Amino acid sequence: MYVWPCAVVLAQYLWFHRGSLPGKAVLEIGAGVSLPGIVAAKCGAEVTLSDSSELPHCLAICRESCQMNNLPQVHVVGLTWGHVSRDLLALPPQDIILASDVFFEPEDFEDILTTVYFLMQKNPKVKLWSTYQVRSADWSLEALLYKWDMKCVHIPLESFGADKEDIAESALPGRHTVEMLVISFAKDNLNYT
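Residues numbered from 1 in each chain as written. Predicted model: local features only at pLDDT ≥ 70, side-chain atom pairs only at ≥ 80, totals over all residues. Heavy atoms only, no water.

Q: Quick rundown of the overall build of the protein chain? Include the residues and the values.
A: Looking only at helices and strands, one finds seven helices and seven strands in the protein chain. When the helices and strands of the protein chain are placed in sequence order, the string is α-β-α-β-α-β-α-β-α-β-α-β-α-β. Here the protein chain, with 193 residues, has 48% of them falling under the buried criterion. As displayed, the protein chain has an accessible area near 9,600 Å², and 55% of this comes from carbon and sulfur atoms. (Helix = DSSP H or I, 4+ residues; strand = E, 2+ residues; numbered from the N terminus. Buried < 20%, exposed > 50% of the residue type's maximum accessible area, 1.4 Å probe, protein only. Areas by Shrake-Rupley, 256 points an atom, 1.4 Å probe, with all protein chains shown as cover.)

Q: Got a sec to walk through the pairing of strand E7 (residues 177–185)? Specific residues and values, please.
A: Note on strand geometry: in a regular strand, side chains alternate between the two faces of the sheet. Judged by how many residues are buried, E7 sits mostly within the fold: seven of nine residues are covered. Sheet topology places strand E5 (residues 127–134) next to E7; seven bridges connect them, and they run antiparallel. Within E7, the residue paired with Trp-129 across the bridge is Val-182. Relative to E7, strand E6 (residues 150–154) is paired through five bridges, and the arrangement is antiparallel. (Pairing = 2+ DSSP bridges.)

Q: Help me get a handle on the sheet that holds strand E3 (residues 75–78), residues and values and all.
A: Reading across the sheet, the seven strands line up as E3-E2-E1-E4-E5-E7-E6 and stay open at both edges, with mixed pairing between neighbours. Looking at the sheet topology across the chains shown, the edges are occupied by E3 and E6. On average, adjacent strands in this sheet sit at an angle of 25° to one another, irrespective of strand direction. Two strands pair when backbone bridges link them, and strand E1 (residues 25–29) and strand E4 (residues 96–100) are joined in this way by four bridges, in the parallel orientation. Across the sheet, Val-26 pairs through a bridge with Ile-96, a residue of E4. Across the face of the sheet, helix H1 (residues 5–16) comes into contact with E4, E5 and E7 while running at roughly 145° to E5. (Axes fitted to C-alpha atoms, helices over the stretch in contact; angles between N-to-C directions. Contact = heavy atoms within 4.5 Å.)

Q: Before we move on, could you go through the side chain of Ser-130 and cite the residues and values that matter?
A: Within the element layout of this structure, Ser-130 appears in strand E5. Engagement of the side chain of Ser-130 in a polar contact is seen with the backbone oxygen of Ala-99, the distance being 3.1 Å. Those residues in contact with Ser-130, other than ones at most four positions away along the chain, are Ala-99, Phe-103, Glu-179, Met-180 and Leu-181. (Polar contact = N/O pair within 3.5 Å; in protein donor to acceptor, adjacent residues only side chain to side chain.)

Q: How would you sum up the environment of Tyr-13? Please name residues and give values.
A: Counting through the fold element by element, Tyr-13 comes out in helix H1. Using a relative accessible area of 1% as the deciding quantity, one classes Tyr-13 as buried. Taking the C-alpha atoms as reference points, Tyr-13 and Ser-130, 117 residues apart in sequence, are found 9.9 Å from one another.

And the structure:
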């Protein structure tokens with residue numbers, strides 16, 4: 001497992017907004033090593049980590065991250081994007097959904113948004129805080145967001161101190177432009193921080 005630059009940028013966003021996290025219900029989807037979820041839990045949020053129920057080794061990594069960070073209160077559940085499962089149905093309403101680099105394979109985008117939409121039905125004020133690496137100019141979330149009655153606001157990395165090379169850099173070859181989005185229902189007119 002690897003801590004991708006997107007996870008570091010999202011963790012920086014959480015740290016920047018740490019004062020608003022205590023008591024918030026936070027779900028990280030596609031958590032992997034769970035850096036953003038761990039930071040949210042350390043900042044006082046009530047965190048649930050999730051990864052695919054079809055990848056038990058990923059769920060084991062989530063649990064190991066919790067153990068290593070002394071966070072026994074963090075729940076780990078298997079959620080497969082686009083599937084309605086007992087674990088998905090059992091989740092309480094969330095305040096924030098975290099997604100670090102889940103918008104990787106375009107064929108997964110609709111399944112991800114289907115799962116997010118289901119969670120938004122439980123709490124229409126929930127926000128999806130997402131970071132992703134720009135890998136291709138050929139794909140966009142805009143049409144799918146419109147289809148699912150969602151909107152997004154791009155958050156400039158410099159607005160939360162994540163535009164520094166030591167935050168979003170990667171040892172991997174190539175250029176790694178990281179973007180930050182806040183996604184919500186289109187009819188929600190609340191301000192973003």
